[in-house]
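Here is what each chain is made of, one letter per residue.
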Amino acid sequence: MDKIVVEGGQPLSGRIPISGAKNAALPILVSTLLAPGEHRLTNIPRLADISSTLSLLGRIGCPSLTEADHERSYSQTARINSSRISYSEAPYDLVRKMRASVLVLGPLLAREGQAKVSLPGGCAIGVRPIDQHLKGLEALGCKFELSGGYIHGRVDSLKGAEIQLDMPTVTGTENILMASVLADGITTIHNAAAEPEVVNLADHLIAMGARIKGAGTSVIEVDGVPGLRPARQPFAIMSDRIEAGTYALAPAMAGGEVRIEHAPVKELMVLLNLMKEAGLEVSHGEDWVEVKKTQPLKPVSVTTEPPPGFPTDMQAQWMAAMTIAAGQSVLTETIFENRFMHVPELIRMGAQIEVNGRSAIVNGVQHLSGATVMATDLRASASLVLAGLASASQTQVLRVYHLDRGYDGLVDKLRNVGARIGRFADYLDVPEGSL
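Report follows, based on the coordinates. (Residues numbered from 1 in each chain as written. Predicted model: local features only at pLDDT ≥ 70, side-chain atom pairs only at ≥ 80, totals over all residues. Heavy atoms only, no water.)

## As for the overall build of the chain
Cut-off, in case you're wondering: In this text, helices come from DSSP runs of H or I with a minimum length of four residues, and strands from runs of E with a minimum of two, each type numbered from the N-terminal end. The cut-offs for exposure are 20% and 50% of the maximum accessible area for each residue type, with area from a 1.4 Å probe on protein chains only; residues under the lower value are buried, those over the upper are exposed, and the others partly exposed. Should any heavy atoms of two residues lie within 4.5 Å, those residues are considered in contact. Values of accessible area rely on a 1.4 Å probe in the Shrake-Rupley scheme; residue burial ignores everything except the protein chains shown. In summary, the charge assignment counts Lys and Arg as positive and Asp and Glu as negative, without counting His or the chain termini. In this description, the location of a charge corresponds to atom NZ of lysine, CZ of arginine, CG of aspartate or CD of glutamate.
When its secondary structure is counted, the chain shows 14 helices and 24 strands. Each of the 435 residues in the chain was classed as buried or not, and the buried ones make up 57%. A sequence separation of at least 24 residues applies to 73% of the contacts in the chain between residues at least 6 apart. About 16800 Å² of surface is accessible on the chain, with carbon and sulfur atoms providing 48% of the total. Positive and negative side-chain charges of the chain, numbering 40 and 46 respectively, have mean locations separated by a distance of 3 Å.

What follows is the structure, encoded as structure tokens:
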């Protein structure tokens with residue numbers, strides 16, 4: 001395994017390009033199962049989860065070819081041939097690596113009338129059941145059995161339905177949406193997830209011939225069509241708002257000034273306004289953001305909420321920033337019940353944090369201290385790297401395979417703006433001051 005070693009105290013300066021959004025790319029890749037033919041997708045990030053998804057599509061019988069995207073660095077183009085589906089199964093050895101693999105359930109049922117999908121894995125950030133997926137698909141006419149750790153689904157013909165989700169689930173909304181585009185009649189999804197990645201998926205489905213209204217709101221209406229075809233033009237994955245938000249906080253930790261390029265600015269406005277409230281200088285254009293630190297951070301409390309609120313995927317990174325703010329802040333997590341696993345690791349670095357139920361009370365300190373810490377999930381990994389940028393001594397972040405699931409070229413991107421950071425085999429000794 002590898003580790004990331006960071007030596008903070010070095011102000012940052014330069015530009016960081018943002019990659020395509022993993023959480024948009026995964027369902028869009030899977031949606032190619034709905035339309036026979038060759039699909040071309042651009043701005044796909046180079047991530048472990050992407051490789052796992054392409055492997056899963058290949059196992060199903062839809063081979064792919066990837067190549068460098070010449071329009072953007074840290075990006076690739078993929079061609080997927082979904083002309084034939086050989087196996088309507090997503091096996092455990094692939095699904096266990098990535099929870100989003102369950103997204104093949106809806107498309108396989110819609111196109112083949114049957115699916116066998118292993119119960120999903122992924123980050124251990126709380127219980128994330130798929131009951132809402134099954135509830136919506138059952139309303140469309142699907143029947144399910146659970147045996148041997150697999151979901152077995154069948155349907156003779158999908159019929160449009162009124163679907164009331166108990167909670168707004170992103171992957172649940174996406175799974176139901178993908179199945180309903182080929183259902184007979186109108187489907188209305190109430191209490192739908194409104195994340196930008198859901199909108200990006202809907203845009204791709206529309207480009208393939210689907211009829212969808214209301215994506216990005218709590219009510220999505222789908223008028224089913226008999227069939228879809230690949231989009232006539234290459235379809236671009238949206239830029240990653242969480243990656244952009246993570247790097248926007250880098251100068252808040254290390255000092256200096258950074259320009260974030262290819263940024264989804266509209267989707268970042270909640271975070272950018274909070275950053276201004278915290279005392280950072282923030283300016284932006286249509287697809288770029290500049291962040292400069294000229295004074296100590298001010299404490300700003302946040303509560304994670306569905307859109308348009310503060311995203312749960314930025315909670316750990318914001319907590320890292322608040323550990324060096326001049327005062328007390330409170331971070332309340334309302335989405336996942338087990339998403340404070342980074343707290344003990346930040347405390348090892350000198351942070352003062354007390355967890356009380358779903359809230360974490362953070363009392364800022366002047367400086368963090370380097371330590372050996374362990375990543376527990378994707379966003380926790382990023383928070384520990386950010387904390388390392390604020391420490392004058394060396395920080396070693398272990399189990400960084402979590403980072404590979406969501407950050408394309410993190411070490412290179414931070415090194416290019418002046419950070420002292422490197423990636424090494426975890427058994428190597430990296431002397432202090434050698435970066």
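From this point, the narrative continues.
## Digging into the sheet that holds strand β4 (residues 64-68)
Within a sheet, adjacent strands bond to each other through the backbone by hydrogen bonds, running parallel or antiparallel. Cut-off, in case you're wondering: Whether two strands pair comes down to DSSP finding at least two bridges between them.
Spatial strand order, β4-β5-β3-β14: four strands in an open sheet with mixed pairing. Every interior strand has two partners, whereas the edge strands, β4 and β14 (235-236), have only one. One ladder, built from two bridges, connects strand β3 (residues 38-44) with β14; its direction is parallel. What sits directly across from Leu 41, in β14, is Phe 235.

## Some details on the sheet that holds strand β10 (residues 162-164)
Our working rule: In this description, a line fitted to the C-alpha atoms serves as the axis of each element, helices being fitted only across the stretch in contact, and the angle between N-to-C directions of two axes falls anywhere from 0 to 180 degrees.
If you trace the four strands from one edge of the open sheet to the other, you get β10-β11-β13-β12, paired in mixed fashion. Each of the sheet's edge strands pairs with one partner strand only, and the pair in question is β10 and β12 (211-213). The mean angle between the axes of side-by-side strands here comes to 15°, regardless of whether they run parallel or antiparallel. Both β10 and strand β11 (residues 186-190) contribute to a ladder of three bridges, which runs parallel. In the sheet register, Gln 164 faces β11, and the bridge partner there is His 190.

## Comments concerning helix α5 (residues 131-139)
Residues of α5 that are buried: Gln 132, His 133, Leu 134, Gly 136 and Leu 137. One or two positions beyond α5, positive phi appears at Gly 141, with a value near 115°.

## Some words on the packing of helix α1 (residues 22-31) against helix α7 (residues 196-207)
Where we set the bar: Under this scheme an angle from 65 to 115 degrees is roughly perpendicular, one under 35 degrees roughly parallel, and one over 145 degrees roughly antiparallel; angles in between are oblique. By definition, any crossing whose near helix is turned counterclockwise from its far helix by less than a right angle is left-handed, and any crossing with a clockwise turn is right-handed. Any residue outside Ala, Val, Leu, Ile, Met, Phe, Trp, Tyr, Cys, Pro, Asp, Glu, Lys and Arg is labelled polar, Gly included; the first ten of those are nonpolar and the last four are charged.
The geometry of α1 relative to α7 is characterised by a closest axis approach of 9 Å and an angle of 30° between their N-to-C directions. Put simply, α1 runs roughly parallel to α7. Considering the relative orientation of α1 and α7, their crossing is right-handed. Counting all contacts with α1, which are made through Asn 23, Ala 24, Pro 27, Ile 28 and Ser 31, the residues of α7 involved are Glu 197, Asn 200, Leu 201, His 204 and Leu 205. The residue makeup of the contact of α1 with α7, split by class, is five nonpolar, four polar and one charged.

## Topic: the pattern of salt bridges
How we decide: Here, a salt bridge means any side-chain nitrogen of Lys or Arg that lies within 4 Å of a carboxyl oxygen of Asp or Glu.
With the rule as written, the count across this model stands at 15 salt bridges. Asp 49 is paired through a salt bridge with Arg 405; the nearest N and O atoms lie 3.0 Å apart. Pair noted here: Asp 49 is in helix α2 (residues 48-60) and Arg 405 is in the loop between β23 (394-398) and α14 (410-415), with a separation of 356 residues, a long-range link. A residue is classified by how much of its surface remains accessible, and Arg 405, at 13% relative accessible area, is buried. Arg 259 serves as the salt-bridge partner of Glu 261, at 3.7 Å between the closest nitrogen and oxygen. Shared partners join several salt bridges into a network, and the residues in it are Arg 15, Arg 259, Glu 261 and Glu 290.

## Things to note about helix α6 (residues 170-180)
This is how the line gets drawn: Polar contacts here mean pairs of N or O atoms no more than 3.5 Å apart (in protein, one a potential hydrogen donor and the other a potential acceptor; neighbouring residues in sequence count only if both atoms are side-chain atoms).
A large share of α6 lies buried, amounting to nine of its 11 residues. Taken as a whole, α6 has its buried residues at Gly 172, Thr 173, Glu 174, Asn 175, Ile 176, Leu 177, Met 178, Ala 179 and Ser 180. For α6, the N-terminal capping position is held by Thr 169, with its side-chain oxygen 3.1 Å away from the main-chain nitrogen of Gly 172.

## A look at the side chain of His 204
With respect to the element layout, His 204 can be found in helix α7. The exposure class of His 204 is buried, given its relative accessible area of 1%. Non-local contacts of His 204, meaning those with residues more than four positions away in its chain, are made with Ile 28, Ser 31, Thr 32, Leu 41 and Phe 235.

## Quick look at the environment of Val 219
For Val 219, the position within the fold is in strand β13 (residues 219-223). Note: C-alpha distance between Val 219 and Gly 37 (182 residues apart in sequence) is 31 Å. In contact with Val 219, other than residues within four places in its own chain, are Thr 188, Ile 189, His 190, Lys 213 and Gly 214.

## Section: the side chain of Ser 88
Within the secondary structure, Ser 88 sits in the loop between β5 (76-81) and β6 (89-90). Ser 88 gets classed as buried once you look at its relative accessible area, which sits at 14%. Discounting residues that sit within four places of it in the chain, Ser 88 has contacts with Leu 108, Glu 112, Gln 114, Ala 115 and Lys 116.

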